[in-house]
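# What the coordinates show
The lines below spell out each chain.
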Amino acid sequence: MQTELSRASLAQLDANDPLIRFRERFQLPEGVIYLDGNSLGALPHGAAERAAQVVTQQWGHGLIRSWNDAGWFELPTRLGDKLAQLLGANPGETVVTDTTSLNLFKALASALRIQQVDGPDRRVLITERDNFPTDIYIAEGLADLLNSVGAETGVSYEVKLIDSETELLAALGDDTALVSLSHVNYRTGAMWDMAAITEAVHQAGGLAIWDLAHAAGAVPVALNAANADYAVGCTYKYLNGGPGSPAFIWVNARHHERFWQPLSGWWSHQAPFAMAESYTPANDVRRFMCGTQPVTSMAMIEVGLDISVEAETDKVRANSLELTDLFIELVETRCAGYGLELITPRDHARRGSHVSFSHPNGYEIIAALISRGVIGDYREPAVLRFGVTPLYLSRTDIWDAVEILREVLHTGAWQREEFTVRNAVT
C-alpha cells in the first residue's frame, strides 16, 4: 500500500477497476455508504422483479402447475449446484434449504450418527467459544437431547469450547466425535485454515463441519480440496439473497448414504409423491431437506448468486484484501489517538472480508456513523464491525467512510447525541 493516499488517487484506481461495473447491479440508497453486507447484503437489481414473476405469473397464472412447469420442485438442488461453484464443491453435493441453524443441526446429527458406527466412544463435540452463538446453542441442544434419551444407558455427549488453534489441537483425542467451526469468525473476521484444521480433525478420528456464513461469496472456499465433511451457511450476507433467505448445506458425497437425518420430512424422501407410510431417504443430498420449500424467497437468491458467480471469487477476494488493507491503514493513520484497537488479523491468510475494531464506546460511535449515512454494525463486547463487499464498495467509499468516522471521533459527536434503543443499531 502506498504511504501517501488521497481521494483523487483512489478514485483513479476505482475508474480502472474491472469489478466497479458490478456496483450498478445493486440498488444502493443515495447518501449511504453500506458497510454491513456481512450481515445483510444489498438488494440486487432484478430480485424484486424475480419475486413478482413468481407471485404474479408462476403462482397467479400457473398455480399448482408451476411446481413442474416453472421448476419449483428442482429449485433447491439447482441453486445448490450453482452455489457449489463458489464453494469448491461438486454437482449434487449442495442444496439450498431451511435455515443455517436447522442445517447445522442436521449436519451435527449426521456426523454423530456416523460416529456411532465408526467410533461409538467418540462423544465430544468441539467448537469455538467465540463461534456465532447459534452454532454453540445447537450443539448444546443436540447433546442435551441425546443425553436425555440415553440417560439410562450412561451414554453422555459433551460440548467442549476452545479459544485458539493451539487449544483445538490439544483437545483433539480418542473421544472427539466432531469439530464445528465458522470458517470466518463473525466478530473478529479471523479465518481458520480449513484444509489444515480438517486434516488434523481427521487424523484424530473426528469429522469436520464448517459454517460458511461469513465466507461464502467473500473468500475462496475449497470444500472438496480440504476434504471437509459438512458445511452450512446462509445466503443473505455476501450472496445478497435477501432478508431471511434460505440457507444451504453441503455434504461430502462419501456421506450421502450413511445417514438417516432426524428431520426426515417428505421432501427428503426417496419418492416424495409415493406418499409411502414409512420413510426411505433419498440417496443423494436431497435427504438433507425437510419440508416444502419457500419458493418466492428462494427464487430471489438466484439473482445475487448469478452476480457472485459472474464476478469470480478470486477477483472479489483480491479486491476485498485491498479494500480491507486500505480501511485498516486509513483508520490507523487518520483516526489515531482515539482508542480504536484493531482485532482483525493483518495476515491476509487469516482475514475474512470484514474489519473489526474495539472501543469502549463502540455502540455510540456506530450509532453516530449510521446517523450520518455510514452503516456498519456493533457487536458485543465493544466491537465496531465494518463489512467490505467489493461488488458494490469502492476505494472512495472506504475513504469517505473513514473521514466521517474521523469527524465523529474528532468532534465528539458520539458523546453529544442520544442513542437510547440499543437494538436499533443493525
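Residues numbered from 1 in each chain as written. Predicted model: local features only at pLDDT ≥ 70, side-chain atom pairs only at ≥ 80, totals over all residues. Heavy atoms only, no water.

Glancing now at the overall build of the protein chain. Along the backbone of the protein chain there are 13 helices and 15 strands. In terms of overall dimensions, the protein chain is globule-like: its C-alpha atoms have a radius of gyration of 23 Å, near the 22 Å expected for 426 residues. Overall, the C-alpha framework of the protein chain stretches about 70 × 60 × 40 Å when taken along its three principal axes. Sequence separation of at least 24 residues holds for 74% of the intrachain contacts in the protein chain that already meet a minimum separation of 6. Summed over all atoms, the accessible surface of the protein chain reaches about 18000 Å², with 53% contributed by carbon and sulfur. (Helix = DSSP H or I, 4+ residues; strand = E, 2+ residues; numbered from the N terminus. Rg over C-alpha atoms; globule rule 2.2 N^0.38 Å. Contact = heavy atoms within 4.5 Å. Areas by Shrake-Rupley, 256 points an atom, 1.4 Å probe, with all protein chains shown as cover.)

Another point: a nonpolar patch on the surface. A contiguous nonpolar surface patch, about 440 Å² in accessible area, is contributed by V55, W59, L63 and I64. For L63, the position within the fold is in the loop between helix 2 (47-59) and helix 3 (66-69). For L63, a relative accessible area of 48% gives the class partly exposed. (Patch = residues over 30% accessible without salt bridge, like charges linked within 9 Å, V, L, I, M, F, W, Y side chains within 5 Å. Salt bridge = Lys/Arg side-chain N within 4 Å of Asp/Glu carboxyl O. Buried < 20%, exposed > 50% of the residue type's maximum accessible area, 1.4 Å probe, protein only.)

Inside soluble globular proteins, nonpolar side chains tend to come together where they are buried. Core analysis: the largest hydrophobic core is formed by 47 residues, its most contacted members being L168, W210, L212 and L223. Among residues more than four places away in sequence, those in contact with L168 are I126, I162, V179, L181, W192 and I197. In this structure, L330, L384, W399 and A401 belong to the second largest nonpolar core, which totals 45 residues. (Core = buried A, V, L, I, M, F, W, Y, C linked by side-chain atoms within 4.5 Å.)

What follows deals with empty space enclosed by the protein. Over the atoms rolls a probe the size of a water molecule, and in doing so it shows where empty space is left. This model, assessed by the stated rule, comprises four cavities of 30 Å³ or more. In this model, the largest cavity occupies a volume close to 60 Å³. Lining the largest cavity are 13 residues, with D17, I20, N319, P390 and L393 sitting closest to its centre. Residues of the lining of the largest cavity, tallied by class, amount to seven nonpolar, two polar and four charged. Reported here for the second largest cavity is a volume of approximately 50 Å³. Looking at the second largest cavity, the residues that line it are L86, G217, A218, S308, A311, T313, V316 and L391. Of all the secondary structure elements, the ones that give two or more residues to the lining of the second largest cavity are helix 9 (295-311) and helix 10 (313-334). The residue inventory of the lining of the second largest cavity, partitioned by class, reads five nonpolar, three polar and no charged. (1 Å grid on protein atoms, 1.4 Å probe; cavity = no way out; pocket = protein on both sides within 12 Å on 5 of 7 lines; lining within 4 Å. Points joined across faces, edges and corners; volume = space filled by probe spheres on them. Nonpolar A, V, L, I, M, F, W, Y, C, P; charged D, E, K, R; others polar.)

Contact geometry of helix 10 with helix 12 (residues 395-411) gives a least axis separation of 10 Å together with a crossing angle of 25°. Judged on the interaxial angle alone, helix 12 and helix 10 are roughly parallel. In terms of crossing hand, the pair formed by helix 10 and helix 12 is right-handed. Seen from helix 10, the contacting residues are N319, E322, L323, L326, F327, L330, V331 and R334; seen from helix 12, they are R395, I398, W399, V402, E403, L405 and R406. Tallied by class, residues from the contact of helix 10 with helix 12 come to nine nonpolar, one polar and five charged. (Axes fitted to C-alpha atoms, helices over the stretch in contact; angles between N-to-C directions. Parallel < 35°, antiparallel > 145°, perpendicular 65-115°, else oblique. Left-handed = near helix turned anticlockwise from the far one by under 90°.)

Here we have four strands laid out as an open sheet, ordered 11-12-15-14, and antiparallel in their pairing. On the outer flanks of this sheet lie strand 11 (341-342) and strand 14 (377-379), each paired with one strand and no other. Relative to strand 15 (residues 383-387), strand 12 (residues 354-358) runs antiparallel, the two sharing five bridges. Bridge assignment links V355 to a residue of strand 15, and that residue is F386. (Pairing = 2+ DSSP bridges.)

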